[in-house]
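Single-letter residue listing:
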Amino acid sequence: MDCIFCEIKNRKADAEILFEDENVIAFLDIQPINYGHTLVVPKNHYDNFLTIPKDELSKLMQATQFIAGAVKRSMNADGFNVVSNNGSSAGQSVYHFHFHIIPRFNKDFSLKPSFKTYSSGAMKDYANQVRTFISKYRDIYYE
Ligand code: 5GP
Ligand code: ZN
């Protein structure tokens, strides 16, 4: 499989590795939005947020919390974003699931899109569309 994150994990490609345990590896993003921008990656290859098994996601999330604290403090950041891009429409470019930790500084840049407004009654319609799927799959997910 041709996956740069698998190559980094297997030491077939170089990276500034910050953390590693049985399940997770974290390294600096080669194209940082701010210095210290870090990627937290499960060692096993899954395409995206929906395909990583729950137990592995929990471990990844826990490592992300720990590393986010270290990145924020070491970079003297004012805050940080934890982001996962899923699908090309969402900006995903590496199809090995990962979280970005992006240190943020007061007034560094704005991520605000132009917001939409629900027309009258439309909010309920959108909520119903989502609820249909939630009620259909809830028992399977939480079994
Ligand atoms: P995505 O666009 O999928 O959310 O994030 C992929 C990230 O991986 C990008 O921010 C990109 O800069 C980073 N990236 C791509 N190739 C490499 C690489 O070879 N080494 C490192 N350290 N980061 C990479
Ligand atoms: Zn991979």
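Residues numbered from 1 in each chain as written. Chains lettered and ligands numbered in written order. Predicted model: local features only at pLDDT ≥ 70, side-chain atom pairs only at ≥ 80, totals over all residues. Heavy atoms only, no water.

1. Focus on the site of ligand 1
Turning to step 1, where the next piece is worked out: Around ligand 1 sit 16 residues in total, of which L28, D29, N85, S93 and H100 are the nearest.
Turning to step 2, where the next piece is worked out: The backbone of L28 places a nitrogen or oxygen atom 2.9 Å from a nitrogen atom of ligand 1.
Turning to step 3, where the next piece is worked out: S93 places a polar side-chain atom, nitrogen or oxygen, 2.7 Å from an oxygen atom of ligand 1.
Turning to step 4, where the next piece is worked out: Taking 520 Å² as the accessible area of ligand 1 by itself, protein coverage stands at 83%. (Near = heavy atom within 4 Å. Polar contact = N/O pair within 3.5 Å; in protein donor to acceptor, adjacent residues only side chain to side chain. Areas by Shrake-Rupley, 256 points an atom, 1.4 Å probe, with all protein chains shown as cover.)

2. Notes on the coordination of the zinc ion (ligand 2)
Turning to step 1, where the next piece is worked out: Within the protein, the zinc ion (ligand 2) binds to C3 (SG), C6 (SG), H45 (ND1) and H96 (ND1); these donor distances fall in the range 2.0 to 2.3 Å.
Turning to step 2, where the next piece is worked out: For the zinc ion (ligand 2), the four donor atoms are set out with angles of 102 to 118° between them, so the coordination reads as tetrahedral.
Turning to step 3, where the next piece is worked out: Each donor residue of the zinc ion (ligand 2) lies on one chain, and together they are spaced C-x2-C-x38-H-x50-H. A residue pair is termed long-range when its members are at least 10 positions apart, and C6 in helix α1 (residues 4-9) and H96 in the loop between β4 (79-83) and β5 (99-104) qualify at 90 residues. Neither C6 nor H96 differs from the other in exposure class; each is buried. (Donors = N, O, S within 2.8 Å, 3.2 Å for Na, K, Ca; no water. Tetrahedral: all angles 85-135°; square planar, octahedral: opposite > 155°, others 65-115°. Helix = DSSP H or I, 4+ residues; strand = E, 2+ residues; numbered from the N terminus. Buried < 20%, exposed > 50% of the residue type's maximum accessible area, 1.4 Å probe, protein only.)

3. A word on unusual backbone geometry
Turning to step 1, where the next piece is worked out: Positive phi is not limited to glycine here, since N76 has a value of about 50°.
Turning to step 2, where the next piece is worked out: You can see N76 is positioned in the loop between α2 (54-74) and β4.
Turning to step 3, where the next piece is worked out: On the basis of relative accessible area, N76 is assigned to the exposed category, the value being 64%.
Turning to step 4, where the next piece is worked out: Backbone geometry at K107 places phi at a positive 65°, although glycine is not the residue there.
Turning to step 5, where the next piece is worked out: Within the element layout of this structure, K107 appears in the loop between β5 and α3 (122-141).

4. Structural notes on the side chain of N34
Turning to step 1, where the next piece is worked out: Within the fold, N34 resides in the loop between β2 (24-28) and β3 (38-42).
Turning to step 2, where the next piece is worked out: Here P103 takes part through its backbone oxygen, which lies 2.8 Å from a polar atom of the side chain of N34.
Turning to step 3, where the next piece is worked out: Those residues in contact with N34 that lie beyond four places of it in its chain are P103, R104, F105, D108 and F109. (Contact = heavy atoms within 4.5 Å.)

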